[in-house]
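# Working through the structure, step by step
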Amino acid sequence: MFVDEKTVGEVPALDTPQKRLAALIREGSKLHGEHRFAWADPDLGLTCAIGAAAVAAGVPIRECLDHSFMYPVLSARIGLAGDAARDLFVATFRQHDSGMSREQVADWLEQQGY
């Protein structure tokens with residue numbers, strides 16, 4: 001076959017090396033305007049901190065609305081899985097929604113080692 005069959009929830013292998021979440025947020029922030037309280041608004045071309053990271057990791061902005069697609073891709077790119085990844089994403093989302101800019105969130109993540 002031309003396409004490998006994958007089981008539900010399996011993440012495809014990455015062609016690029018893992019990156020820190022802070023670096024992905026900084027890269028993705030250059031691609032789209034800032035948005036709060038949702039991962040992304042594809043119609044307006046806006047992303048939150050996690051949405052920016054996901055876009056930088058290769059997730060199309062419209063797919064940022066689908067957590068079942070976005071989370072595994074972003075988790076694989078930063079090298080975390082399961083509860084550790086989910087907890088980091090939730091903490092990041094909350095920092096951004098508390099009023100920090102995406103750049104400030106990236107600074108905070110760097111201080112935390114991410």
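Preceding this paragraph is the structure being described.
Quick look at the structure, then. From a predicted model like this one, the values you see are computed outputs, not experimental measurements.

## Section: the packing of aromatic side chains
Within a pair of aromatic rings, the relevant descriptors are the distance that separates the centres and the angle that separates the planes. Taken as a whole, this structure holds 3 aromatic pairs when the rule is applied. For the ring pair W39 and F93, a centre distance of 4.4 Å and an interplane angle of 55° mean the geometry is tilted. Highlighted residues: W39 in the loop between β1 (33-34) and β2 (40-41) and F93 in helix α4 (residues 82-97), separated in sequence by 54 residues. Summarising the burial analysis for this pair, W39 and F93 share the class buried. Between Y71 and F89 the ring centres are 5.3 Å apart and the planes differ by 40°, which places this aromatic pair in the tilted class. With Y71 in helix α3 (residues 67-78) and F89 in helix α4, the pair connects residues that are 18 residues apart, well separated along the chain. Comparing Y71 with F89 shows no difference in burial state: the two are buried.

## Here we look at the nonpolar core
With 30 residues, the main nonpolar core has L21, I25, I50, L74, F89 and L109 as its most contacted residues. The set of elements that each furnish at least two residues to this core consists of α1 (21-29), α2 (49-56), α3, α4 and α5 (102-112).

## Structural notes on the packing of α1 against α5
As a packed pair, α1 and α5 sit with axes 8 Å apart at the nearest point and diverge in direction by 165°. One way to sum up the angle between α1 and α5 is to call them roughly antiparallel. Crossing hand, α1 versus α5: left-handed. Packed against α1, whose contacting residues are L21, A22, I25, R26 and S29, the element α5 presents R102, E103, V105, A106, D107, L109 and E110 at the interface. Of the residues that constitute the contact of α1 with α5, the class distribution is 6 nonpolar, 1 polar and 5 charged.

## As for the pattern of salt bridges
A complete count under the given rule lists 8 salt bridges for this structure. In this structure, the salt-bridge partner of E27 is K19, at a minimum N-O distance of 2.3 Å. By relative accessible area, E27 is classed as partly exposed at 30%. Three or more residues are tied together by salt bridges with common partners; here these are R26, E103, D107 and E110.

## Observations regarding the environment of G113
For G113, the position within the fold is in the segment after α5. G113 gets classed as partly exposed once you look at its relative accessible area, which sits at 38%. It is 9.3 Å that separates the C-alpha atoms of G113 and L21, two residues lying 92 residues apart in sequence.

Cut-offs used in this document
Position labels on residues start from 1 in each chain and follow its written sequence. In keeping with the model being predicted, local features are shown solely for residues with a pLDDT of at least 70 and side-chain atom pairs are shown and tallied solely at 80 or more, while totals for entire chains, interfaces and linings include all residues. Side-chain figures throughout are based on the complete set of non-hydrogen atoms in the structure, without hydrogens or water. The rule is short: rings of Phe, Tyr and Trp, with Trp giving its six-membered ring, pair when the centres are within 6.5 Å, and they are stacked under 30 degrees, edge-to-face over 60, tilted in between. Counting from the N terminus, the helices are the DSSP runs of H or I reaching at least four residues and the strands are the DSSP runs of E reaching at least two. When a residue's accessible area, from a 1.4 Å probe over protein chains only, is under 20% of the maximum for its type it is buried; when over 50% it is exposed; and in between it is partly exposed. Here the nonpolar core consists of buried residues drawn from Ala, Val, Leu, Ile, Met, Phe, Trp, Tyr and Cys, with membership extended through side-chain atoms lying within 4.5 Å. Lines are fitted to the C-alpha atoms to define the axes, a helix being fitted only along its stretch in contact, and any angle between axes, read from their N-to-C directions, falls within 0 to 180 degrees. Oblique is the label for every angle not falling under 35 degrees (roughly parallel), over 145 degrees (roughly antiparallel), or within 65 to 115 degrees (roughly perpendicular). Crossing chirality is assigned from the near helix's rotation relative to the far helix, an anticlockwise turn below a right angle marking it left-handed and a clockwise turn marking it right-handed. Residues count as neighbours in contact if any of their non-hydrogen atoms are within 4.5 Å of one another. Each residue is assigned to one class: nonpolar for Ala, Val, Leu, Ile, Met, Phe, Trp, Tyr, Cys and Pro, charged for Asp, Glu, Lys and Arg, and polar for all the others, Gly among them. Salt bridges are counted wherever a side-chain nitrogen of Lys or Arg sits within 4 Å of a carboxyl oxygen of Asp or Glu.

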